[in-house]
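Architecture at a glance
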Amino acid sequence: MKRRVLAAATAMVLLAGCSAAPQAAVTSPTPGESVSVPADAVTLRDLLLNHGPSDFLLPGQSTVTSRIDQPNVVTLTFETSQRKLLAGWLATRLPDGWQIDANANDSLLFHRNDWQGAFTCSEALCALTLRQQRS
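Positions within a chain are numbered from 1, following the residues in the order the chain's sequence is written. Local features in this predicted model are restricted to residues whose pLDDT is 70 or higher, and side-chain atom pairs enter the listing and the counts only when it is 80 or higher, whereas totals over whole chains, interfaces and linings include all residues. With hydrogens and water stripped out, all remaining heavy atoms of the structure feed into the side-chain values.

1. As for the environment of L58
Strands are runs of DSSP state E lasting at least two residues, helices are runs of H or I lasting at least four, and both sets are numbered from the N terminus onward. Structurally, the position occupied by L58 is in strand β2 (residues 57–59). Distance from L58 to W89, taken between C-alpha atoms, is 7.2 Å for residues 31 residues apart in sequence. Each residue touching L58, except ones within four places of it in the same chain, is listed here: D40, A41, V42, L44, L47, L76, F78, L86, W89, L90 and L128. By the convention used here, residues are in contact when the closest approach between their heavy atoms is within 4.5 Å.

2. Brief notes about unusual backbone geometry
Of note in this structure, L48 is not a glycine but carries a positive phi near 70 degrees. Among the secondary structure elements, L48 is positioned in the loop between β1 (41–43) and β2. Not every positive phi belongs to a glycine, and D106 is a case in point at roughly 60 degrees. Using a relative accessible area of 17% as the deciding quantity, one classes D106 as buried. Type-normalised accessible area, obtained with a 1.4 Å probe on protein chains alone, sets the label of each residue: buried when under 20%, exposed when over 50%, and partly exposed for intermediate values.

3. As for the state of the cysteines
Criterion for a disulfide: a pair of cysteine sulfur atoms within 2.5 Å. Taken as a whole, this structure holds 1 disulfide when the rule is applied. Disulfide partner of C121: C126, at an S-S distance of 2.0 Å. Around the S-S axis, the bridge from C121 to C126 shows a dihedral of about 105 degrees and counts as right-handed. Exposure class is identical for C121 and C126. Each is buried.

4. Points about the packing of aromatic side chains
The rule is short: rings of Phe, Tyr and Trp, with Trp giving its six-membered ring, pair when the centres are within 6.5 Å, and they are stacked under 30 degrees, edge-to-face over 60, tilted in between. For the structure shown, the criterion picks out 3 aromatic pairs. With 6.1 Å between their ring centres and 15 degrees between their planes, F56 and F110 make a pair best called stacked. Residue F56 is located in the loop between β1 and β2, and its partner F110 is located in strand β6 (residues 107–112); the two are separated by 54 residues in the primary sequence. Each ring, one from W98 and one from F110, has its centre 5.6 Å from the other, and the planes form 65 degrees; the classification is edge-to-face.

5. Let's talk about the nonpolar core
Side chains of a nonpolar character, in soluble globular proteins, are inclined to be buried together. Put simply, a nonpolar core is a bunch of buried Ala, Val, Leu, Ile, Met, Phe, Trp, Tyr and Cys residues held in one set by side-chain atoms that sit within 4.5 Å of each other. Grouped together as the largest cluster of nonpolar side chains are 26 residues, with contacts concentrated most on F56, L58, L90, F119, L128 and L130. Within the residue set of this core, elements represented by two or more residues are β1, β2, β4 (73–78), α2 (83–92), β6, β7 (115–121) and β8 (126–132). At 4 residues, the largest contribution of residues to this core is made by α2. Beyond its immediate sequence surroundings of up to four residues, F56 is in contact with V42, T43, L44, L90, L94, P95, W98, F110, L128 and L130.

Take a look at the structure:
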């Protein structure tokens, strides 16, 4: 199971930049609903992304090393020193509506109705990918 989780998460990260973008751009919370950002968190917008779920939060001390920012997929990479911080955060603090599908060896697969997510680390880097699901 652990190898399956890692393989699936790695595949999502590797394929992140390979798909064509759908017409829709940024998803946001339900109209009229505002995103409450705790003091120890940042949004994807705070991490200089224009796309992705607007209510998706990461630890405030996250340091991004590279970005892919497309309407249907965003990927952030991080130094491996952030592995435990990010894996722990994602395992316990995903926004409402997100469900964890697999969690092993600091790698996670998760989803909600309109997005799929994957987080995994190699010896060289950690990566988080969020892909918008087509209807």
